[in-house]
Amino acid sequence: MFHKFINRYVITGELEAVTALHVGAAEDVFKPNGCKNPFFRNADGKPLIPGSSLKGAMRSFLEQYLSSDSGSAIIPDNIHYRRSVCSADHLCADHLCADHKTEADLKKPLRSNKAENEKELSEYLFGVAGDDKKRGKLCIVCRLFGSRYSAAKFSIRDAGVDDSFEDEFEIRSGVAIDRNFGTSVGGNKFETEVVPKGTKFSFRAILENGDDTEWMIIRQLLMAMHLNMIPIGGMKSRGLGEIRLQKVLYQKISQENIADYLSGKEIKFTVLNEASREA
Ligand SMILES: [Zn+2]
């Protein structure tokens with residue numbers, strides 16, 4: 001799938017916290033202010049939204065969207081891969097695009113790493129453009145976001161803040177409630193570190209070898225982020241985690257212009273959508 005360069009879309013933008021935001025760190029990290037539930041940080045102590053958090057939120061949204069009636073209708077009939085969408089939330093065999101446990105065809109190419117088997121595996125998963133008889137088994141969500149058997153075509157960088165961010169973290173406190181009894185658990189106050197509303201993060205994503213349908217879907221996904229439809233992080237039920245993607249630009253490097261690009265010629269960034277130009 002990735003052995004030939006077809007195109008590369010580079011997308012940049014700005015993510016603004018519409019509400020306070022909490023993206024949690026792992027348990028065993030350094031806790032600068034003793035907060036039990038710190039925000040994820042980079043080596044300089046600045047807040048960072050891991051690309052994997054953004055990717056997870058975008059993937060879940062896309063699964064829900066493409067499972068809806070109007071969402072599923074945007075996938076054209078003539079694509080050379082699976083039209084229905086599987087769900088990472090239901091990882092039983094029924095919902096997997098491709099599974100070696102149930103599909104004998106998949107076992108064979110997986111067992112060997114000979115070149116012809118690699119081609120066979122690629123065709124099995126991704127299909128052959130223009131050949132309806134060889135429809136790829138992976139759905140568009142797995143093609144874009146990766147699956148057990150394939151790398152993702154769409155990748156998102158960790159989103160950092162710019163230098164103007166001083167130590168602007170805030171602490172939200174609450175009381176742990178015992179779910180069974182609805183009472184507070186003996187003095188168990190919890191503290192969560194958030195970044196305030198208005199904090200801006202840089203956004204950068206890349207789509208490798210995207211076909212027209214994949215690019216159209218990525219554009220809709222970016223629009224959903226612009227419309228605050230994809231919250232991230234923790235405490236969403238308490239009104240945290242709303243973000244807006246804005247100032248979205250993209251650059252397309254293609255088979256036609258890659259040689260110029262590598263000779264140092266600039267390829268301009270284009271406004272993705274007028275609606276996403278301003279906040
Ligand atoms: Zn899938």
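Along every chain, residues carry numbers that run from 1 in the direction the sequence is written. Per-residue local features are limited, in this predicted model, to residues with pLDDT of at least 70; the limit for side-chain atom pairs, both in listing and counting, is 80 or more; totals at the level of whole chains, interfaces and linings are taken over all residues. With hydrogens and water excluded, all non-hydrogen atoms of the structure serve as input to the side-chain values.

**Q** Got a minute to help me understand the overall build of the protein in this structure?
**A** For the protein, the helix and strand inventory stands at seven helices and 11 strands. Put simply, the protein has 279 residues, and 41% of those count as buried. Contacts in the protein between residues far apart in sequence, at least 24 positions, make up 69% of those at least 6 positions apart. Per-residue and other accessible areas follow the Shrake-Rupley method at a 1.4 Å probe size, with only the shown protein chains counted as cover for residues. Of the roughly 15,200 Å² of accessible surface on the protein, a fraction of 49% belongs to carbon and sulfur atoms. Runs of E in the DSSP output that reach at least two residues are strands. Runs of H or I that reach at least four are helices, and both are numbered from the N terminus. Only protein chains enter the accessibility calculation, which uses a 1.4 Å probe; a residue is then buried when its area is under 20% of its type maximum, exposed when over 50%, and partly exposed in between. Only heavy atoms enter the contact rule, under which two residues are in contact if any of them lie within 4.5 Å.

**Q** Quick question: what am I supposed to make of the packing of aromatic side chains here?
**A** Given two aromatic rings, one states the distance between the centres and the angle between the planes to describe the pair. Paired rings are identified among Phe, Tyr and Trp, the last through its six-membered ring, by centres lying within 6.5 Å, and are further divided according to the angle between planes into stacked (under 30 degrees), edge-to-face (over 60) and tilted (the rest). Following the criterion strictly, the structure yields seven aromatic pairs and no others. With centroids separated by 4.0 Å and ring planes inclined at 15°, the aromatic side chains of Tyr9 and Trp215 adopt a geometry described as stacked. One end of the pair, Tyr9, is in strand E1 (residues 7-17); the other, Trp215, is in helix H6 (residues 212-226), with 206 residues separating them in the sequence. Each member of the aromatic cluster is reached from another via a ring pair, and the members are Tyr9, Trp215 and Tyr250. Its end group placed over the ring of Phe169, Arg41 keeps NZ or CZ at 4.0 Å from the ring centre. When the NZ atom of lysine or the CZ atom of arginine is within 6 Å of a ring's centre and also within 35 degrees of its normal, the charge is said to sit over that ring.

**Q** Would you explain the pattern of salt bridges in this entry?
**A** A pairing counts as a salt bridge when a side-chain nitrogen of Lys or Arg comes within 4 Å of a carboxyl oxygen of Asp or Glu. Under the counting rule described, the total for this entry stands at 10 salt bridges. Measuring nitrogen to oxygen at the nearest pair gives 2.7 Å for the salt bridge that ties Glu208 to Arg8. Remark: Arg8 occurs in strand E1 and Glu208 occurs in strand E9 (residues 200-208); sequence separation between them is 200 residues. The class of Arg8 is partly exposed, set by a relative accessible area of 25%. With a shortest N-O distance of 3.2 Å, Arg59 and Glu63 are connected by a salt bridge. Taken together, the residues Arg59 and Glu63, both in helix H1 (residues 51-67) and four residues apart, mark about one turn of the helix. The exposure class assigned to Arg59 is buried, which follows from its relative accessible area of 16%. Connected through shared salt-bridge partners, Arg143, Lys153, Asp211 and Glu214 make up one network.

**Q** When you look at the nonpolar core in this model, what are you seeing that I'm missing?
**A** Within soluble globular proteins, side chains that are nonpolar generally end up buried alongside one another. The definition of a nonpolar core used throughout is a set of buried Ala, Val, Leu, Ile, Met, Phe, Trp, Tyr and Cys residues joined through side-chain atoms within 4.5 Å. Counting 59 residues, the largest nonpolar core has Ile11, Leu54, Phe154 and Phe203 as its most contacted members. Sorting the residues of this core by element identifies E1, H1, helix H4 (115-126), helix H5 (140-145), strand E5 (154-156), E9, H6 and strand E10 (243-254) as the ones contributing at least two each. Ranked by residues supplied to this core, first place goes to H6 with seven residues. In this entry, domain limits derive from an automatic or database-based domain assignment. Split by domain, this core shows at least three residues from each of two domains, domain 1 (1-50 + 158-279) and domain 2 (53-146). Here Ile11 is in contact with Phe154, Phe203, Arg204, Ala205, Trp215, Ile218, Leu222, Val248, Leu249 and Tyr250, once residues within four sequence places are set aside.

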